[in-house]
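Structural characterization, general
Chain by chain, the residues:
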Amino acid sequence: MRSWLWLLVVLALGGLFYWGMQRNPKELPSVLAKERRPAPDFTLPVLPPYREDWGETLRLSDHLGKKPVVLNFWASWCLPCYEEAPVLEATWRRYRDRVLFLGINTQDKEADALRFIAQFGLTFPQVFDPRGRVGVDYGMYGVPETFVIDREGRVVVRHAGAIDQAGLEKYLKEVLP
């Protein structure tokens, strides 16, 4: 009898694992974006290269209501983050007067994050969240993930995985006049 019970447990877990592996993370729902909920506020330390312009810490709510915000969660150990970094930088340079881009380095080491920033010449502000607490508040599944926040401070888009130029431009059209 016990062997049948173990077999059922193993089959159930195997089925659950298989089902989870078949899901596309880009299709995982975000309550924040679906219901256009207010963006969770946070205060995080600004990484050293940006402190002169942005101060020691950055509080999201200080920047809401002025212009849309693109939040990008990333880590130096994330290979897709290497694909999207040039896209984010180029788009930031084009829209910097109309949209705030903000990188959130998560679950990483500061030295590794700084090397990544230097490698891609990122000029938009970057904050440091080594424990990934802000990602939990946003319902993040993994890195990279990008959230677009409208002028009123509501999350309107959650994009899982590396973002490309066309996708980012499409999301910006949703929040720009």
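Look a little higher up for the structure.
The paragraphs below set out a description of the structure included in this document.

What counts and what doesn't
- Here the residue numbers are simple positions, counted from 1 along each chain's written sequence.
- In keeping with the predicted nature of the model, local features appear solely for residues at pLDDT of at least 70, side-chain atom pairs appear and are counted solely at 80 or more, and the whole-chain, interface and lining totals rest on all residues.
- Side-chain measures were taken over the full set of non-hydrogen atoms in the model, leaving aside hydrogen atoms and water.
- Whether two strands pair depends on DSSP finding at least two bridges between them.
- Going along the chain from the N terminus, every DSSP run of H or I of four or more residues is numbered as a helix, and every run of E of two or more is numbered as a strand.
- Here, axes are lines fitted to C-alpha atoms. For helices the fit covers the stretch in contact, and angles between N-to-C directions go from 0 to 180 degrees.
- Contact definition: two residues touch when any of their heavy atoms are within 4.5 Å.
- A pair is scored as a salt bridge if a Lys or Arg side-chain nitrogen falls within 4 Å of a carboxyl oxygen belonging to Asp or Glu.
- Each residue is assigned to one of three classes by its accessible area relative to the maximum for its type, calculated with a 1.4 Å probe on protein chains only: buried under 20%, partly exposed between the two thresholds, exposed over 50%.
- What a helix is expected to span follows from its residue count: subtract one and scale by 1.5 Å.
- Bend angle per residue: angle between axes fitted to the 7 residues ending at that residue and the 7 residues starting there.
- As used here, the term nonpolar core means buried Ala, Val, Leu, Ile, Met, Phe, Trp, Tyr and Cys residues forming a set that is joined through side-chain atoms within 4.5 Å.
- Polar contacts here mean pairs of N or O atoms no more than 3.5 Å apart (in protein, one a potential hydrogen donor and the other a potential acceptor; neighbouring residues in sequence count only if both atoms are side-chain atoms).
- Our arc is simply the arc of the directions from the helix axis toward the C-beta atoms.

A few words on the sheet that holds strand β3 (residues 69-74). Within a sheet, each strand pairs with its neighbour through backbone hydrogen bonds, oriented either parallel or antiparallel. Strands sit in the order β5-β4-β3-β6-β7 across an open sheet of five strands; the sheet is mixed. Strands at the two margins of the open sheet, each flanked by one partner only, are β5 (126-129) and β7 (155-160). In this sheet, adjacent strand axes meet at a mean angle of 20 degrees when their direction is disregarded. The sheet contact formed by β3 and strand β4 (residues 100-106) spans six bridges and is parallel. Note that in β4 the partner of V70 across the bridge is F101. Here helix α5 (residues 110-120) sits on the sheet and contacts β3, β4 and β5; the angle it forms with β3, its principal contact strand, is near 120 degrees. Of the strands in this sheet, β3, β4, β6 (145-149) and β7 are in contact with helix α7 (residues 165-175), which crosses β7 at around 170 degrees.

All chains considered together, the criterion is met by nine salt bridges. Two residues, E56 and R51, come together in a salt bridge whose shortest N-O distance is 3.9 Å. E145 serves as the salt-bridge partner of R158, at 3.1 Å between the closest nitrogen and oxygen. Of this pair, R158 sits in strand β7 while E145 sits in strand β6, and the two are 13 residues apart along the sequence. Both residues of the pair, R158 and E145, belong to the buried class. Shared partners join several salt bridges into a network, and the residues in it are D150, E152 and R154.

An ideal rise of 1.5 Å per residue puts 24 Å on 17 residues; helix α4 (residues 79-95) measures up with 25 Å between its terminal C-alpha atoms. Maximum bend of α4: about 30 degrees, positioned at A85, with proline P86 one to four residues after it. Listed as buried for α4 are C81, E84, A85, V87, L88, E89, T91, W92 and Y95. Tucked into the core, α4 has its buried residues touching β3, β4, α5, β6 and α7.

This part is about the pairing of β7. Across the six residues of β7, six count as buried, placing the element largely inside the fold. Relative to β7, β6 runs antiparallel, the two being bridged by five bridges. Looking across to β7, one finds that I149 is bridged to V155. Taken together, β6 and the strand that follows it, β7, pair antiparallel across an intervening segment of five residues, in which G153 is found at a positive phi of about 90 degrees.

With that settled, consider the nonpolar core. In terms of nonpolar packing, the biggest core is built from 51 residues, with F42, L71, F101 and Y138 touching the most fellow members. At six residues, the largest contribution of residues to this core is made by α4. Contact partners of F42, with chain neighbours within four places excluded, come to L58, R59, L60, L71, L102, I104, V134 and Y138.

Along the polypeptide, D108 turns up in the loop between β4 and α5. Separated by 2.9 Å, the side chains of D108 and N105 make a polar contact. The residues contacting D108, other than those within four sequence positions of it, are W74, A75, S76, W77, A113, F128 and P130.

Here we take up α5. The set of residues buried in α5 consists of A113, F116 and I117. For α5, the angular spread of buried residues about the axis comes to 100 degrees, placing them on one side. The exposed residues of α5 that point more than 90 degrees off its buried face are R115, A118 and Q119. Each element contacted by the buried residues of α5 is listed here: β3, α4, β4 and β5. G121, located one to two residues past α5, shows a positive phi value of around 60 degrees.

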